[in-house]
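An overview of the molecular structure
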Amino acid sequence: MNWYKKAETAVSVTSAEFGAMTWDEKVDLARNRSISPLTQRLFFTEQYGERSGVLWSLARNESIAPEIQRLFFTEPHEVGYAVLCNLAGNPSITLETQRLFFTEDYKSKYWVLEALAWSENIHPEVQLLFLTQEYPKKNDVLEYLAWNPIFLQ
């Protein structure tokens, strides 16, 4: 079976099919805008190598389901700040996911909040969190927020 072709067209794959995919095929699947939430969940529940590179692609997928967005913060694995920066810049993330950037503990919070501050899809409630919450290098992050194109129009 041609996994690459299936990754482009499939709505879902099984755990066994996911496990048989190469790293490149998993990246292609992560980019596929038509994958189901069950398939999206496999990226967190299955074991595979070089996970951060695959999750980096999944975080950019604009069709990622809200329940999957939360897994970037709650699943027991190491998600690097580059992955979270991609998620922060994803225009389809929900208000609830945007709040998680403030409430959850993770490494390099400053860099990730800068990415969120630069996003053109920040919910107004989250804009207020930038002002009211405490976090590392707050003045620097607020400068990014001030230069966000949504405020310069």
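Refer to the structure printed above.
Just so you know, the residues in each chain are numbered from 1, in the order the chain's sequence is written. Restriction of local features to residues with pLDDT of at least 70 applies here, the model being predicted, together with a cutoff of 80 or more for giving and counting side-chain atom pairs; totals for whole chains, interfaces and linings are based on all residues. Each side-chain value is derived from all of the structure's non-hydrogen atoms; neither hydrogens nor water enter the calculation.

A short note on the overall build of the protein chain
For the record, the criterion: Helix and strand assignments come from DSSP, with helices taken as H or I runs of at least 4 residues and strands as E runs of at least 2, each series counted from the N terminus. Working definition: with a 1.4 Å probe on protein chains only, accessible area under 20% of the residue-type maximum means buried, over 50% means exposed, and in between means partly exposed. We call two residues in contact when some of their heavy atoms are within 4.5 Å. Residue-level accessible areas treat just the shown protein chains as cover; the underlying method is Shrake-Rupley with a 1.4 Å probe. For the purpose of counting charges, residues Lys and Arg are taken to be positive, whereas Asp and Glu are taken to be negative. His and the chain ends are not included. All charge positions are set by atom: Lys at NZ, Arg at CZ, Asp at CG, Glu at CD.
Counting its regular elements, the protein chain contains 12 helices and zero strands. Overall, the protein chain shows an N-to-C arrangement of helices and strands of α-α-α-α-α-α-α-α-α-α-α-α. Referenced to the eigenvectors of the C-alpha coordinate spread, the extents of the protein chain come out at roughly 50 × 30 × 20 Å. Expressed as a percentage of its 153 residues, the buried residues of the protein chain come to 48%. Pairs at least 24 residues apart make up 58% of the contacts formed inside the protein chain by residues separated by at least 6 positions. Element-wise, carbon and sulfur atoms account for 53% of the exposed surface of the protein chain, whose accessible area totals about 8100 Å². Taking the average place of the 14 positive charges on the side chains of the protein chain and the average place of its 20 negative ones, the gap between the two points comes to 2 Å.

Overview of unusual backbone geometry
With phi around 50°, Glu50 is a residue other than glycine that occupies positive phi space. The residue Glu50 is located in the loop between α4 (37-45) and α5 (51-60) in this model. Overall, the relative accessible area of 60% leaves Glu50 in the exposed class.

Concerning the pattern of salt bridges
Applicable threshold: A side-chain nitrogen of Lys or Arg and a carboxyl oxygen of Asp or Glu constitute a salt bridge if their distance falls within 4 Å.
One pass over the structure, following the stated rule, counts three salt bridges. We note a salt bridge from Glu62 to Arg33, for which the minimum N-O separation is 3.8 Å. Here the residue Glu62 occupies a position in the loop between α5 and α6 (66-69), and Arg33 occupies one in the loop between α3 (23-31) and α4, the gap between them amounting to 29 residues. Look at Glu62 and you get partly exposed, because its relative accessible area is 39%. The shortest N-O distance in the salt bridge between Glu134 and Lys138 comes to 3.7 Å.

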